[in-house]
Amino acid sequence: ARILVADDNAANVKLLEDLLAFHGYDVEAAPDGEAALASVRERAPDLLLLDVLMPGLDGYEVCRAVRADPALAMLPVVMVTALEDREERVRGLDAGADDFLSKPVNWTELFARVRSLLRVKALQDEVRRQAVALREWNAKLEERVGQQVTAIQRLGRLKRFFSPQLAELILAGGADDPLESHRREITVVFLDLRGFTAFAESAEPEEVMAALAEFHRAMGSRVLEYQGTLERFTGDGLMVFFNDPLPIQQPARRAVEMAFAMQEDALKLAAQWKRRGYDLGLGIGIAQGYATVGAIGFEGRWDYAAIGRVTNLAARLCGEAEGGQVLLDRKSMASIDGALRAQSLGERWLEGFAQPVDALELHEA
């Protein structure tokens, strides 16, 4: 601990320096009040032994100046005086002194008071250090919470346009940017309502929007359940693909399971719609192949899209499917184990394809 001794009597200072240094304290001296105040402000000692009667600023004025400085408010101050007047001691307490010692100094009492006040000072310093650390920790915590809130808000906005797994990948970052164009083998699922055009022409717009909302809600929940990537809504249809941006095991099998679950949901919706006079069914087409996948759009709006022959094939098979049917290509069927069976519908000439395509109707085993 560093102790400042302020006394205009050089002999007293020398004696205190020697005794305190012998007990392991780092001692500095000031010959008057001005020097004492300057040293306190510059060196910030751990304790001040302050003589009352000094030329210039006396001990009371030094003590009041110390207490007026917020940075020094907790500095222990022991006044050393030859005065026995009770009123003088009251003046010292009013000035901010923590303790008094009478001259001639009792050395045992001096060291006991010094140790006691230094213990209090050490505890106060520790409390201040902890308070600073707590403020820093709170600031970091607020920053982290702010970052997490921002991330959650960004994730919420991204999920409006992207699949949840893609939105989380975008926020997480990493070596590979999922929005960069890349080539990947995927399984594509197209689904479309049969009879929707006639329904839209005859029904009120509000009825059409209500039916679409029911349809999208039911189909969208299945997309999330089976971890598909929803590329886009096409009015009364959807395009979903599997194995990108997150690779999955047996994407064709996952796509087929989702398709059957969607057909079950569509049957329930069809029963409700029939009671309202709508005759709607769901056709689904599935194809597997390589596509270029990545972000398309502009700064105001981005979509995550797959482009290639496989997407066109799935869309054309969906167009061939009747309500309740699930049609797929040979490559998708080859990726599915024997738990499912398929019936060939023969080769079909599909728009945009130079060669006929073998269409298979899928049935649950």
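As a starting point, this report considers the structure included with it.

What counts as what
Residues numbered from 1 in each chain as written. Predicted model: local features only at pLDDT ≥ 70, side-chain atom pairs only at ≥ 80, totals over all residues. Heavy atoms only, no water. Phe/Tyr/Trp six-rings, centres within 6.5 Å; stacked < 30°, edge-to-face > 60°. Helix = DSSP H or I, 4+ residues; strand = E, 2+ residues; numbered from the N terminus. Buried < 20%, exposed > 50% of the residue type's maximum accessible area, 1.4 Å probe, protein only. Core = buried A, V, L, I, M, F, W, Y, C linked by side-chain atoms within 4.5 Å. Contact = heavy atoms within 4.5 Å. Expected span 1.5 Å × (residues − 1). Arc of directions from axis to C-beta. Polar contact = N/O pair within 3.5 Å; in protein donor to acceptor, adjacent residues only side chain to side chain. 1 Å grid on protein atoms, 1.4 Å probe; cavity = no way out; pocket = protein on both sides within 12 Å on 5 of 7 lines; lining within 4 Å. Points joined across faces, edges and corners; volume = space filled by probe spheres on them. Nonpolar A, V, L, I, M, F, W, Y, C, P; charged D, E, K, R; others polar. Pairing = 2+ DSSP bridges.

Comments concerning the packing of aromatic side chains
Two numbers describe a pair of aromatic rings. These are the distance of the centres and the angle of the planes.
No. 1: In this structure the tally under the stated criterion is three aromatic pairs.
No. 2: Measuring from ring centre to ring centre gives 5.9 Å for Phe196 and Phe199, while their planes differ by 65°; the resulting arrangement is edge-to-face. In this pair, Phe196 and Phe199 both sit in helix H7 (residues 196-202), three residues apart, roughly one turn of the helix.
No. 3: Measuring from centroid to centroid gives 4.4 Å for Phe199 and Tyr278, while their planes differ by 45°, and the two rings are tilted. Taken together, the residues Phe199 in helix H7 and Tyr278 in the loop between helix H9 (251-275) and strand E9 (281-298) connect sequence positions 79 residues apart. With respect to class, Phe199 is no different from Tyr278; both count as buried.
No. 4: Three or more aromatic residues joined by ring pairs form one cluster here, namely Phe196, Phe199 and Tyr278.

A look at the nonpolar core
No. 1: Formed by 42 residues in total, the largest nonpolar core has its most connected members in Val189, Leu191, Leu282 and Ile284.
No. 2: Contributions of two or more residues to this core are made by strand E6 (182-194), H7, helix H8 (205-225), strand E8 (237-242), H9, E9, strand E11 (326-328) and strand E13 (357-364).
No. 3: Ranked by the residues each element gives to this core, the list is headed by H9, at 11 residues.
No. 4: Those residues in contact with Val189 that lie beyond four places of it in its chain are Leu238, Met239, Val240, Phe242, Ala255, Met258, Ile284, Gly285 and Ile286.
No. 5: If you look at the next biggest cluster of nonpolar residues, it comprises 22 residues, including Leu48, Met54, Val77 and Met79.

Observations concerning H9
No. 1: With 25 residues, H9 extends 36 Å between its outermost C-alpha atoms, agreeing within 8% with the 36 Å of an ideal straight helix rising 1.5 Å per residue.
No. 2: Just downstream of H9 lies Gly277, where phi reads positive at about 95°.

Side note on helix H1 (residues 10-22)
No. 1: With 13 residues, H1 extends 18 Å from end C-alpha to end C-alpha; this agrees with the ideal 18 Å at 1.5 Å per step.
No. 2: Along H1, the residues classified as buried are Val13, Leu16 and Leu20. Summarising the axial view, the buried residues of H1 lie within an arc of 70°, below the 170-degree limit, and thus occupy one face. Structural note: H1 exposes Ala10, Ala11 and Phe22 on the side pointing more than 90 degrees away from its buried face.
No. 3: Between the side-chain oxygen of the N-cap and the backbone nitrogen of Ala11 there are 3.0 Å, and the N-cap of H1 in question is Asn9.

Focus on the side chain of Thr81
No. 1: Its location among the elements puts Thr81 in strand E4 (residues 77-81).
No. 2: According to the relative accessible area criterion, Thr81 is buried, its value standing at 4%.
No. 3: What Thr81 contacts, discounting residues up to four positions off in sequence, is Val52, Phe100, Leu101, Ser102 and Lys103.

What about empty space enclosed by the protein?
Using a probe with the size of a water molecule, rolled over the atoms, empty space left in the structure can be pinpointed.
No. 1: Scanning all chains against the criterion turns up one cavity of 30 Å³ or more.
No. 2: There is about 30 Å³ of room inside the largest cavity.
No. 3: What lines the largest cavity is Val5, Ala6, Asp7, Leu16, Leu49, Leu50, Asp51 and Val80.
No. 4: At the level of secondary structure, the elements contributing two or more residues to the lining of the largest cavity comprise strand E1 (2-6) and strand E3 (47-51).
No. 5: The biggest single contributor to the lining of the largest cavity is E3, with three residues.
No. 6: Here the residues of the lining of the largest cavity sort into six nonpolar, no polar and two charged.

Remarks on the side chain of Gln288
No. 1: Looking at the element boundaries, Gln288 is found in strand E9.
No. 2: A distance of 3.4 Å separates the side chain of Gln288 from the side chain of Glu185, its partner in a polar contact.
No. 3: Within the structure, Gln288 has its side chain in polar contact with the side chain of Ser335 (distance 3.1 Å).

Some remarks on the environment of Ser344
No. 1: Within the secondary structure, Ser344 is located in strand E12 (residues 340-348).
No. 2: For Ser344, a relative accessible area of 38% corresponds to the partly exposed category.
No. 3: Each C-alpha atom, one on Ser344 and one on Asp329, is 9.6 Å from the other, the two residues being 15 residues apart in sequence.
No. 4: A distance of 3.2 Å separates the side chain of Ser344 from the backbone nitrogen of Gly346, its partner in a polar contact.
No. 5: Reaching out from Ser344, the side chain makes a polar contact with the side chain of Asp358 at a distance of 3.0 Å.

Focus: the pairing of E9
No. 1: Relative to E9, E6 runs antiparallel, the two being bridged by 13 bridges. Bridging across to E9, His182 finds its partner in Val293.
No. 2: Pairing between E9 and E11: three bridges, direction parallel. Counterpart to Gly285 in the pairing with E11 is Leu327.
No. 3: In this structure, E9 lies alongside strand E10 (residues 301-307), joined through seven bridges in antiparallel fashion. Across the sheet, residue Gly297 finds its bridge partner in E10, namely Trp302.
No. 4: Connecting the antiparallel pair E9 and E10 is a turn made up of two residues.

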